[in-house]
Amino acid sequence: MNTQGHELNYRSAVSYCTAKIILEDDTTPKKKVSKAMRAYLERAKAHDEFMKEQLIQYNIGKRHLANMMGEDPETFTQDDVDKAIEYLFPSGLFEPRARPLMKPPDEVFPARKAAEFDESGRPHHFLFYTGRSHLFQLYYDIADHFSSLNDFEDKMIRKHLKPDTTQKIITSGSMWITKQELEKILVETVSDREYSRFVTIMDRLIEHPYSYRLKEFVEKFRKPMLSGTSALEIPKPQYDADGRAYVTTKECPRKSARADVTVRSPGTGKITINGQPLEYFENIQDREQLLFPLIFTNAVGTVDVEATVTGGGPTGQAGAVRLGIALGLRCFLSQDVVERMRIAGLLQRDYRRRERKKPGQAGARRKYTWKKR
């Protein structure tokens, strides 16, 4: 019995050591992949295959376009593609989304986030469960910068030193990036309220006397104002039977009014609204609103304006025609004048509307007279 027992113990020990050696050499246990990670990998694989297919189609289309233009496909750049499309597809459509588009897939399709968790499903970022970790990380970084600037200011006060005003961040000529551009940087959606909060916080950061220490951080979220003008789609003028250039801007809105405005150059200063002269508007203020773009650009008497406006009242119709005149004048003015028009607000749609009456009140803001007895 003892001999058999020793033999069994010996065999079990040998088998255990052998299994341990094999496990250490070859069969190291693998980590289990979570369902979330498996789903992400599947989506990432499908996205990569889709982007590869789109890139192949883009290269084929670019090669065909180069052959049509008689150019070398190997040296055909994106600028050549844009010029070729503009030449081959002349269009009177003023809506940018209605025009042909041929861009690399990376510019057309939005970027995807990288994996925010490991194989076991643990998130990498400590703000993962906020739903928008990049946005709240940006808020966290701004608060951290505020704290560091305040500490530095306290140190300078103890040394009886004042901030250097010559190094102050200059904001003239630049503006904050738009909400869409911020979403592109963060690869996350941002609401209007969150974007306005971001702008307010960054304005407070710039007002700090030692904000110049964070100049690189601030400049990441600012852009020159000229880029706003270049981003505007300025249509090219067309020519009528008399050889005069003209531009028609359709569906110019103001409140409930909509106007189609045609600006012709050169002209004699003739203005017609729905087939009638400027006296179509009885109120002098409405006439002044309509003439303001022409006066601002010194174009009175040099262009003719033909407008067709429907809906709304006189004020709304005058505002709609004014916007159409301003948008049409861009084609006949220099870039500097267009930039001054943009800064003056002539190229911006006026979204204001009449505020509704509130229940329990005499009007939108007006209250009933309060009587104690």
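All values reported here derive from a predicted model rather than from experimental measurement.

The rules behind each value
- Residues numbered from 1 in each chain as written.
- Predicted model: local features only at pLDDT ≥ 70, side-chain atom pairs only at ≥ 80, totals over all residues.
- Heavy atoms only, no water.
- Phe/Tyr/Trp six-rings, centres within 6.5 Å; stacked < 30°, edge-to-face > 60°.
- Helix = DSSP H or I, 4+ residues; strand = E, 2+ residues; numbered from the N terminus.
- Buried < 20%, exposed > 50% of the residue type's maximum accessible area, 1.4 Å probe, protein only.

**Q** How do you make sense of the packing of aromatic side chains when you look at a structure like this?
**A** Both the distance between ring centres and the angle between the ring planes are used here to describe each pair of aromatic rings. Taken as a whole, this structure holds nine aromatic pairs when the rule is applied. Residues Phe 136 and Tyr 139 carry aromatic rings whose centres are separated by 5.9 Å and whose planes lie at 80° to one another, so their mutual orientation is edge-to-face. Here Phe 136 pairs with Tyr 139, and both are found in helix H5 (residues 133–158), just three residues apart, close to one helical turn. Between Tyr 210 and Tyr 212, the ring centres sit 6.2 Å apart and the planes meet at 50°, which makes this aromatic pair tilted. For the pair Tyr 210 and Tyr 212, one class covers both residues: buried. Members of the aromatic cluster, connected to one another through ring pairs, are Trp 176, Tyr 195, Phe 198, Phe 217 and Phe 221.

**Q** I tried to follow unusual backbone geometry on my own but got confused; where do I start?
**A** Peptide bonds are trans in most cases, and residues, glycine excluded, mostly fall at negative phi. The residue after Ser 265, namely Pro 266, is reached through a cis peptide bond having omega 0°. As for its position among the elements, Pro 266 is in the loop between strand E5 (257–265) and strand E6 (271–273). One non-glycine residue, Lys 255, adopts positive backbone phi at about 55°. Examined against the element boundaries, Lys 255 turns out to sit in the loop between strand E4 (245–254) and E5. According to the relative accessible area criterion, Lys 255 is partly exposed, its value standing at 32%. Positive phi outside glycine occurs at Asn 274, with the angle close to 55°. Here Asn 274 lies in the loop between E6 and helix H10 (284–296).

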